[in-house]
Every structure is written in C-alpha cells, then in structure tokens.
Amino acid sequence: MNLKGDSWRLVMHPNNPNAKIIKILKILYESFIKSKEQWRIDVYEKAIILLGKFPKAIDSQKELYNLIPMSQRIAKKVWQIIQTGYLEEIDILCGRGSEQTRKLFSKAWGIGPRFARELYKEGYYTLLDLQKSSKLSQAQQIGLLYFKDLKTKMSKEEANMILKAVIEEVFKIDSSVQCDGCSTLRRKKKTCGHVSLLITLPAGSDNDHQFLPAIITRLHQIGYLVDDLIRHEENGAQTKYVGIIKLKGMTKFRRIDITVCSQEEYACAMLYLTGSSYFNKAIRQWAGRREMVLDEHSLRIRILNIQGGTQSVRKLKVLDEINIFNYLNLPYRAPEHRDCFI
C-alpha cells in the first residue's frame, strides 16, 4: 500500500485525532523515500496508516502497543511524540531540512530563532503551516502576510522616495521638527531592507507621545500605510512605530520604522538607529569596559564606590555623534564605515 493521493488525505485530515503524530512521522517517512530505504518506508507506512485509521487520540502506552502490526520501535517513537510533542531523530535524519526551515521562519517579522525552533518542534514546517498557526501574534501574522515583499530588498532610490514622501507629510503637521533617514540608507548601502526615519522634536520640547500617533493617522488616511506591526510603543522618552507602507505606483509592500525623540536624545538615538547591529553591540561593549553605559537614549558614566560597585550614574551631555566617539576615546567613524567596529 502506498501513501499517495486519497490515502494521504485520509490520514492527514485535520480532524484526525492523531494528525500531529502522523505529521511528524511523515517527515521521517519522506526522508527514507529520498534515501531509498525500502524496509523503513514500509514500516513507517504501516504505522501511519494504523494511526490514521485509529478512531481516537492515543492516550496510553498499552493502547499504542496493542496496535498490531505496528513495530514496537516505532511505537516507542510515537509515545515520545505524544509525551514531548517532538522527535529528536528528526534533527539527526532531517537536520539540514530543519535548519533551513528555522532559518526561513526567522526571516518572518517578529519571529526570532528561538521561537522558530519552537514552531518547528510543534509541527510547523512550511510558511503555509505558519499561516494556520494560532501561536502567532497579530503582528507576526501581518509580517507573514507580507513575507515575500519584506524579505526582498529595495534599491536606495526606492527607499529615498518613500522617505521623502513620508517626511513631506510630517512637515505638514509640524515643520519645526528635524527628520533624518537612518539604518542602511544612512550607511549609504545600495539596497535597503526597510526604511528608518528618526523625527527629533525642537529643543525644549518634551515628547508627550502624541506627535507620532498624529503622523500615523495621517499616513493611514492618505493611503500610504496599509498595516501596523507596532502601532505605538513608548520607550522612555521615545515613541516608536513599525508598519507596512506602499506608495502609489510601487509594486511591493515595504516596512517602515518611525521613531520620535527629544533633542536631548538625538545623538544617541541617531547612532543606534544608524547601526549596524554588530557596530552597536561592539561600541556598547567598548563603553562598558570604560565604566560607561551607552544606549539609544544617552551616554552615562558610572561613579564607583570603594568596593568597585556603582555608587551613582551621571548622564553626559551629548550634542552629536562626534561627542560620543570623543567620550569613548575613539576616532570618529562615518556611517558608511559602521559595518565593522575596528
């Protein structure tokens, strides 16, 4: 008997009480087909058919071992799946496939490597599987919806067009703010993964977290924004938005990040949003070794007590990025040279 066509539809029916077990066994079954191990193919085929025909979910070892003619070795594996929801053998026999799948999932917005591994262990093996998952947040579902476009890089010309269009709308609301393009666009890369905009409020103005929502509402009204990934996130004195944008005449949906900060935090926010992520991590570690703390808000120096612990922390006045490099006793590095640290 071969598991093809109607046979697969029968055993893989979503209402099958043992569908999750069958789905995991199917991975091994298909790996043995590729390696042409016929006797293993036959054993797994029998087990899958038996589970597919069983009228209820397996809930005891005794019930499982009474499924004749299922191999006792396979029965042990099935019981491991029932208890843990996973089968370690998959990583051994299908390691490359599982690694590729996890890497693929990690490319979806909001799904990190750890969560990607959890999803794989729970039986999600394709992007189509993920679309049916109830484990994803609304933002992750939106990211998955635009997966193909978001993982396709845009030219710097396209990124600049988006940036310019958004800045024009920002200035219609308040022309006194400062707008800067960040990330790969500021690092003068030929292609960009997303558009990053930093909006800095005038000197003396505190961020009441109301300016960014007004911008987002405006961009939705004119049809620029089509979906929200992070609608409103307050990070200290900063406000952040992440969403999906598509200008008229453009063929792909793109991701845009917008951050609003005060003049006091401008330099540190600009340094952080420019990146690269490797550079950010390295320069923060460098600061730490000099008893300083650097983040997207400020540069602070630790005042130590006699025991070597932190007695207090003093915020340093930072006017621009050059100030930060000077405080850290580092030569200034232009944005286009920040893919590395040394």
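In this numbering scheme, every chain counts its residues from 1 along its sequence in written order. Where totals are concerned, whole chains, interfaces and linings use all residues; where local detail is concerned, this predicted model gives features only for residues with pLDDT of at least 70, and gives and counts side-chain atom pairs only at 80 or more. Water and hydrogen atoms were dropped before computing side-chain values, which therefore reflect all heavy atoms in the structure.

1. Quick word on the UniProt feature "active site" (unreviewed entry) in the protein chain
Point 1. According to UniProt, the "active site" (unreviewed entry) feature falls on K77.
Point 2. Runs of H or I in DSSP of at least four residues are treated as helices and runs of E of at least two as strands, each being numbered from the N terminus. Tracing the chain through its elements places K77 in helix 5 (residues 72-84).
Point 3. Relative accessible area decides the class of each residue, using a 1.4 Å probe on protein chains only: under 20% of the type maximum gives buried, over 50% gives exposed, and in between gives partly exposed. Since its relative accessible area comes to 13%, K77 is described here as buried.
Point 4. Setting aside anything within four residues of it in sequence, one finds K77 in contact with Y44, L87 and E89.
Point 5. Counting of polar contacts relies on pairs of N or O atoms within 3.5 Å, with two restrictions inside protein: one atom must be capable of donating a hydrogen and the other of accepting it, and residues adjacent in sequence are counted only when both atoms are side-chain atoms. At a separation of 2.9 Å, a polar atom in the side chain of K77 contacts the side chain of Y44. UniProt positions are given in the numbering used here, feature names are shortened, and annotations may be inferred rather than shown by experiment. Contacts were defined at the residue level, with two residues in contact if any of their heavy atoms lie within 4.5 Å.

2. Quick word on helix 14 (residues 211-221)
Point 1. When we look at burial in helix 14, the residues that qualify are F211, L212, I215, I216 and L219. The buried residues of helix 14 all sit within an arc of 135 degrees when viewed along its axis, so they share a single face.
Point 2. Buried positions along helix 14 lie against helix 12 (156-173), strand 4 (195-200), strand 5 (225-235), strand 6 (238-245) and strand 7 (254-261). Regarding the arc, it is the one traced by the directions from the helix axis to the C-beta atoms.

3. Describing the environment of R186
Point 1. Tracing the backbone shows R186 in helix 13 (residues 183-186).
Point 2. In this structure, the C-alpha to C-alpha distance between R186 and E336, residues 150 residues apart in sequence, is 7.2 Å.
Point 3. Of note is the side chain of R186, whose polar atom sits 2.7 Å from the side chain of T274.

4. Looking at the sheet that holds strand 5
Point 1. Spatially, the 5 strands line up as an open sheet ordered 2-4-7-6-5, and their pairing is mixed. Each having just a single partner strand, strand 2 (178-181) and strand 5 make up the two edges of the open sheet. For this sheet, the mean inter-axis angle between neighbouring strands, taken without regard to orientation, is 20 degrees.
Point 2. Note that strand 6 and strand 7 share 7 bridges and pair antiparallel. Bridge pairing in strand 7 places I244 opposite R255.
Point 3. In this description, a line fitted to the C-alpha atoms serves as the axis of each element, helices being fitted only across the stretch in contact, and the angle between N-to-C directions of two axes falls anywhere from 0 to 180 degrees. Sheet strands in contact with helix 14 are strand 4, strand 5, strand 6 and strand 7, and its direction is about 180 degrees off that of strand 5. By definition, two strands form a pair when at least two bridges between them are found by DSSP.

5. Here's the deal with the pattern of salt bridges
Here the idea is simple: oppositely charged side chains can pair when their charged atoms come close.
Point 1. The term salt bridge refers to a pairing of a side-chain nitrogen on Lys or Arg with a carboxyl oxygen on Asp or Glu at a separation within 4 Å. Counted under the stated rule, the structure contains 19 salt bridges.
Point 2. For the salt bridge of K252 with D149, the shortest nitrogen-to-oxygen distance reads 3.9 Å. Of this pair, K252 sits in the loop between strand 6 and strand 7 while D149 sits in helix 11 (residues 147-150), placing them 103 residues apart in sequence.
Point 3. Judged by its relative accessible area of 27%, K252 falls in the partly exposed class.
Point 4. Residues E321 and R338 are paired through a salt bridge, measuring 3.0 Å at the closest nitrogen-oxygen approach. A residue pair is termed long-range when its members are at least 10 positions apart, and E321 in helix 17 (residues 321-327) and R338 in the segment after helix 17 qualify at 17 residues.
Point 5. For E321, a relative accessible area of 7% translates into the label buried.
Point 6. Among the charged side chains, a network of salt bridges with common partners joins E169, K172 and R218.

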